[in-house]
Amino acid sequence: MANRKQQEQRRPRKDPNLAREAKKYDNPIPSREFIMQTLNEEGCPLSFNKLVFHLQITEEQSEALDFRLRAMVRDGQVILNRKGGYCVINKTDLIVGRVIGHKDGFGFLTPEEGGDDLFLLPREMRQVLHGDRVVVRVSGVDNRGRHEGAIVEVLERAHSRIVGRIHLESEVGFVRADNKRITHEIIIPGSELGGASEGDIVSVELMVQPSRRTQAVGKVVEVLGEHMAPGMETDVAILSHEIPVEWPETVEQQITEFSAEVSETDKQGREDLRHLPLVTIDGEDARDFDDAVHCQRTKNGWRLYVAIADVSNYVKPGKPLDKEGYKRGNSVYFPDRVIPMLPEILSNGLCSLKPKVDRLCMVCEMLLNHDGKIVRSRFYEAVMHSHARLTYNKVAAMLVDGDNKLRKQYADLVPHLEELYALYMVLVVARKNRGTIEFETTETRAIFKDGKIENIVPVVRNDAHKIIEECMLAANVATASLLQRKKVPALYRIHESPPIDKLTDLRQFLGESGLTLGGGDKPTGGDYSKLLAGIQDRPDKELIQTVLLRSMSQAVYSTENVGHFGLSYDAYAHFTSPIRRYPDLLVHRALKHVGKGGKPRDFHYSVPELQGIAEHCSTTERRADEATRDAMDTLKCEYLVDKVGEEFDGIITSVTGFGLFVMLDDIYVDGLVHITALDRDYFHFDPIGHRLNGERSGITYRLGDPLRIRIAAVNIDDRKIDFVLPDDGKDGDKKNHTKKRSRKRSNKQGNKQGNKQSSQQPAKQSNQQSDKQSNKQPRKRRRRR
C-alpha cells in the first residue's frame, strides 16, 4: 500500500500535451497519450471513476473524458473489458486491424501497426464483414505457417448498407452482396421486402449485424431494378462500397458562407505572385485545375515554383467540410463520373486555378542545381493569377513538335516552358541515377456512347505529362524533407520493400531465367531498376517485368517514414492534391504550422490521431480502387455480351492452379481460360515459373505468352468472362490458337524443383468460370505513387 502511494506521488500530474489540447478546447482534458501513460503506469485496468481520480478530472470535464475514452476504444488504443475497466491494448497479445474478406469465406486481418496479416478462418468471418475494424488475438499457426487470429471485439462496423440481388423463398428474402468480399447472406423478413421481386437489385439497410450465432438481418430501402440500365453499374458500385455521395445539411450550410471569388481580406498577409507567369497544364477534359508551375533559369540551375490551390484556407479542422472530407478520404473517379471529396464550389470554383482570376495558393519554391538536386526550398502562402490554361497536347506540340502556330499564340510563355522542359530532361537523368523503378504498363480509358462502352483505348502519355509529374515529385520530396527536419507529426506516403516470402519466390523464378537480383534480403529500387535495364532486349521481358511488379508491396499512408521503395526516395509525402486527397490537406496544415513557427508538440494533431487518419485514408483509397474496378468490370462484361463466340488474340496475364487469365489485345479486357477447358492434356501448375505444364504433350502455357481464345460465356452479375481455346478439331494441335513453343526442358526443370501441384482432370467442355476468379491479378496499370 505504501509503494502504491509513493508511485502516485511520483507520477507526473502535468500533461505534456496540455498546450496542444488547450488550443483545441476551452476546457481541455488530459490528452490520449497521457491517459495511456496513466493506464500503463498503473499496470491494471482502471474503471471510469478511478481514471477520473487519477487524472484529477473535474465534474464538468467528466462527460468530455467519457467521449474521449469511447473514441479511444473505437480507435483501438484502449479496450473496455467486461468488468468495466479500461486498459491499453498489449500489442504482443492483442492486435487491432481491418478485416479483408475473401470470396471463398475466409479472410485476413491487416494490422494497423504493420506486420504480417493474420489468417481468419470462415468461422471467425461469420461475425464480421469485409472492412470491419476489430481486435484479435493470435490463436495459432495453420499448416501453411500462417498465424491465425481469433476475434476478440469488433471496434467499428464498416457497412450499414449492402447492395445485391434478392432471392425470395417462403416469403423471406435473402440478399447476396454485390461486393464479392462479403459472403454473408442477409436475411430480409417478409415485412421488410419493400416491394422487391425475385432477382431485383436492391439496397439493404442492416438492422442486425452478423455475430457468431446469428446471420445479418436487413430491410430493403431501395429497389434499384432488375437489369443493368446505363449508369447503374456505377450506382451499384457506389452503394455497394458505401461511397458518400450526398452532402450533409451542415456542409450545405457551411458552403453558403463562401463567395464566388476570393475576398480581399483573404489575400492579406500573403506573398503576391500575380505577376509571375504561372500556368496550369492538364488534360483536355479536365474540369478542376489545382496545380500550376513556373520555371526560371538561374546561375547554378533553375528556380521552380509549384503552386497548389490553398484548400486549407477554406476547410478548417473540426468544421463540417473537414469532417466530410475526412469521411470520404479522396475523390473517386469512375469511368462515367467523379464523386468529389469536397463540394463543387471549392473543387471547380475557389480552389480551381482558372486563368485570369485571383486564387489563393500554397507554394513550394525550389532551387535545383544542374544535376536536378534540390539545394533549397521554402513554402509559403500566396495569391496567384494563372496566365494560361494549357493542355498536355498543346505543351507537347510546342516543345517537342515545334508547332509554330501555338508557339506564336503563347509567345510570352514559351521561354518559361522551354526552361521547364530543360529542367525535366535533367530530372529524368537524376531519376535514372537514383534508381527509380520504371515499369512499362498500359493505362486505358473507356469511350462511352449512350451510357455504355463503345471502345477501350490506351492512354498515351507524352513529355508534357512527364514534365508535370517530375515537378510534382520534386515538390512532394521537398515537403517530406521539411516535415522530417522540423519533426512535425505528418502523414508520409510510404512504399515498403518487398516482403521476404515474395523475394524468395522471385529469386527462384529469376534463377530459372539465368538472372539475379542484387541486394540480398534488402534489395533497393536501384537493384530492381538495374535488373529491368538488363532485360530490355530479351523476348521474355514482359514476363520478367510482370513478376517483378507483383513482388512489390502496396503504397500506403503512415506517420512512420520508411521511404518510398519504388521511387527510391528516403522520404516522400503528398503535397500536390489537397482538393482530392485528405492526406494532402493535412500536409498543408502541417506546413502552415511550421511556417508560423509552431513546435511539434503544439501541432493540432498527435501522432496516434494521425496514424488513425493514415489508416482510414489508406482504406478509403482501396475502397475507391475496388469500386471503380467493379464498375469497369461490369461495363466490360456488358461490352462483350454480344461478342460471345468470337475469337481474339491476347496475352496471358496470370497463371493459377485453376487456369489462365488472358488480356485481349486492342480491347484490354481479360477473362479466364479454366483448366478444365484445356482438355487435350493433364496440366500441372508451377507457381515459381508462373506456368501450366502439359504432362503428355509438353505444351506449356506461361505468363506473358500470346494466346488465341474464343469467348465462351459472360456473366454480368458475377463480373466474369469465360474463354476457351478455339475448336480447330485437331486434338493436341495448338497451331491455330497459340504461338508458343513447347517447353519440355522447362517442364523437366519444374519437376526437379518439385514446384508442380496435383494434375487436373481433362474435360470435354468448358465449365462456367470458376468462382476463384477473384484470385486473379489486376490488369496492368500505372503504379500508384
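Now for a description of the structure that goes with this document. (Residues numbered from 1 in each chain as written. Predicted model: local features only at pLDDT ≥ 70, side-chain atom pairs only at ≥ 80, totals over all residues. Heavy atoms only, no water.)

1. Structural notes on the sheet that holds strand β27 (residues 659–664)
In step 1: Strand order in the closed barrel made by the five strands is β26-β27-β28-β33-β32, with mixed pairing throughout. Neighbour-to-neighbour, the strand axes of this sheet turn through a mean angle of 55°, independent of strand direction.
In step 2: Inspection of the sheet shows strand β26 (residues 647–656) paired to strand β32 (residues 706–715) by five bridges, in the antiparallel sense. Across the sheet, the residue bridging to isoleucine 651 is proline 706, located in β32.
In step 3: On top of the sheet, helix α20 (residues 607–640) reaches β32 and β33 (720–724); it is set at about 95° to β32, its chief contact. (Pairing = 2+ DSSP bridges. Helix = DSSP H or I, 4+ residues; strand = E, 2+ residues; numbered from the N terminus. Axes fitted to C-alpha atoms, helices over the stretch in contact; angles between N-to-C directions. Contact = heavy atoms within 4.5 Å.)

2. Here we look at the pairing of strand β30 (residues 691–694)
On a regular strand, one side chain projects to one face of the sheet and the next to the other, so that they alternate.
In step 1: Of the two faces of β30, the one holding Arg691 and Asn693 and the one holding Leu692 and Gly694 are both buried throughout.
In step 2: Note: strand β29 (residues 683–686) against β30, four bridges, orientation antiparallel. Considered in β30, the bridge of aspartate 686 is made with arginine 691.
In step 3: Hairpin connection of β29 to β30: four residues between the antiparallel strands, including histidine 690 at a positive phi of 55°.
In step 4: Bridge analysis of β30 against strand β31 (residues 700–702) gives three bridges, and the strand direction is antiparallel. (Buried < 20%, exposed > 50% of the residue type's maximum accessible area, 1.4 Å probe, protein only.)

3. Points about the state of the cysteines
In step 1: What the rule picks out here adds up to zero disulfides.
In step 2: For the unlinked cysteine cysteine 295, the closest cysteine sulfur is that of cysteine 471, found at 7.1 Å.
In step 3: Cysteine 295 sits in the buried class, given a relative accessible area of 1%.
In step 4: This cysteine, cysteine 617, is not joined by any disulfide, and cysteine 351 carries the nearest cysteine sulfur, 18 Å off. (Disulfide = S-S within 2.5 Å.)

4. Thoughts on the packing of helix α19 (residues 582–595) against α20
In step 1: In contact at an axis separation of 10 Å, α19 and α20 are set at 150° when each is read in the N-to-C sense. As the angle between them shows, α19 and α20 are arranged roughly antiparallel. Residues Tyr582, Pro583 and Leu586 of α19 lie in contact with α20, whose contacting residues are Leu610, Ile613 and Cys617.
In step 2: Each residue belonging to the contact of α19 with α20 can be placed in one class, and the counts come to six nonpolar, no polar and no charged. (Parallel < 35°, antiparallel > 145°, perpendicular 65-115°, else oblique. Nonpolar A, V, L, I, M, F, W, Y, C, P; charged D, E, K, R; others polar.)

5. A few points about the environment of threonine 628
In step 1: Of note, threonine 628 is situated in helix α20.
In step 2: Take threonine 628: its relative accessible area is 14%, and that puts it in the buried class.
In step 3: Spatially, the C-alpha atoms of threonine 628 and aspartate 15 are 45 Å apart, while their sequence positions differ by 613 residues.
In step 4: Every residue in contact with threonine 628, bar those within four places of it in the chain, is listed here: Val332, Tyr333 and Phe334.
In step 5: Separated by 3.0 Å, the side chain of threonine 628 and the backbone oxygen of aspartate 625 make a polar contact. (Polar contact = N/O pair within 3.5 Å; in protein donor to acceptor, adjacent residues only side chain to side chain.)

6. So, helix α15 (residues 463–486)
In step 1: Its 24 residues place the ends of α15 35 Å apart at the C-alpha level, agreeing with the 34 Å of an ideal helix rising 1.5 Å per residue.
In step 2: When you tally the buried positions in α15, you get 18 out of 24 residues, the bulk of the element.
In step 3: Between the side-chain oxygen at the start of α15 and the backbone nitrogen of alanine 464 there is a gap of 2.9 Å, and the oxygen is on asparagine 462.
In step 4: Lysine 487, located one to two residues past α15, shows a positive phi value of around 60°. (Expected span 1.5 Å × (residues − 1).)

7. Section: the sheet that holds β30
In step 1: With antiparallel pairing, three strands are arranged side by side in an open sheet as β29-β30-β31. One side of each edge strand has no neighbouring strand; the edge strands of this open sheet are β29 and β31. Each neighbouring strand pair of the sheet contributes to a mean axis angle of 20°, computed without reference to strand direction.

8. Details of the pattern of salt bridges
In step 1: Within this structure, the stated rule accounts for 45 salt bridges.
In step 2: Taking the shortest distance from any N to any O, the salt bridge between arginine 181 and glutamate 626 comes out at 3.2 Å. One end of the pair, arginine 181, is in the loop between β9 (172–177) and β10 (185–188); the other, glutamate 626, is in helix α20, with 445 residues separating them in the sequence.
In step 3: A relative accessible area of 13% places glutamate 626 in the buried class.
In step 4: Salt-bridge contacts for aspartate 584 lead to arginine 581; the nearest nitrogen and oxygen are separated by 2.9 Å. A single burial state applies to aspartate 584 and to arginine 581, both of which are buried.
In step 5: Each of Glu264, Lys267, Asp272, Arg274 and Asp358 takes part in one network of salt bridges that share partners. (Salt bridge = Lys/Arg side-chain N within 4 Å of Asp/Glu carboxyl O.)

9. A word on the packing of aromatic side chains
In step 1: With the rule as written, the count across this model stands at twelve aromatic pairs.
In step 2: Summarising the aromatic geometry, the rings of phenylalanine 683 and tyrosine 701 are spaced 5.4 Å apart at their centres and angled 45° between planes, so their arrangement reads as tilted. With phenylalanine 683 in strand β29 and tyrosine 701 in strand β31, the pair connects residues that are 18 residues apart, well separated along the chain.
In step 3: Looking at tyrosine 701, the relative accessible area reads 3%, which means it is buried.
In step 4: Each residue in the set Phe106, Phe108 and Phe119 is aromatic and connected to the rest through ring pairs, giving one cluster.
In step 5: The side chain of arginine 328 reaches across the aromatic face of tryptophan 247, ending 3.6 Å from its centre.
In step 6: Taking NZ or CZ as reference, lysine 643 lies 4.3 Å from the ring centre of tyrosine 639, over its face. (Phe/Tyr/Trp six-rings, centres within 6.5 Å; stacked < 30°, edge-to-face > 60°. Lys NZ or Arg CZ within 6 Å of the ring centre and 35° of its normal.)

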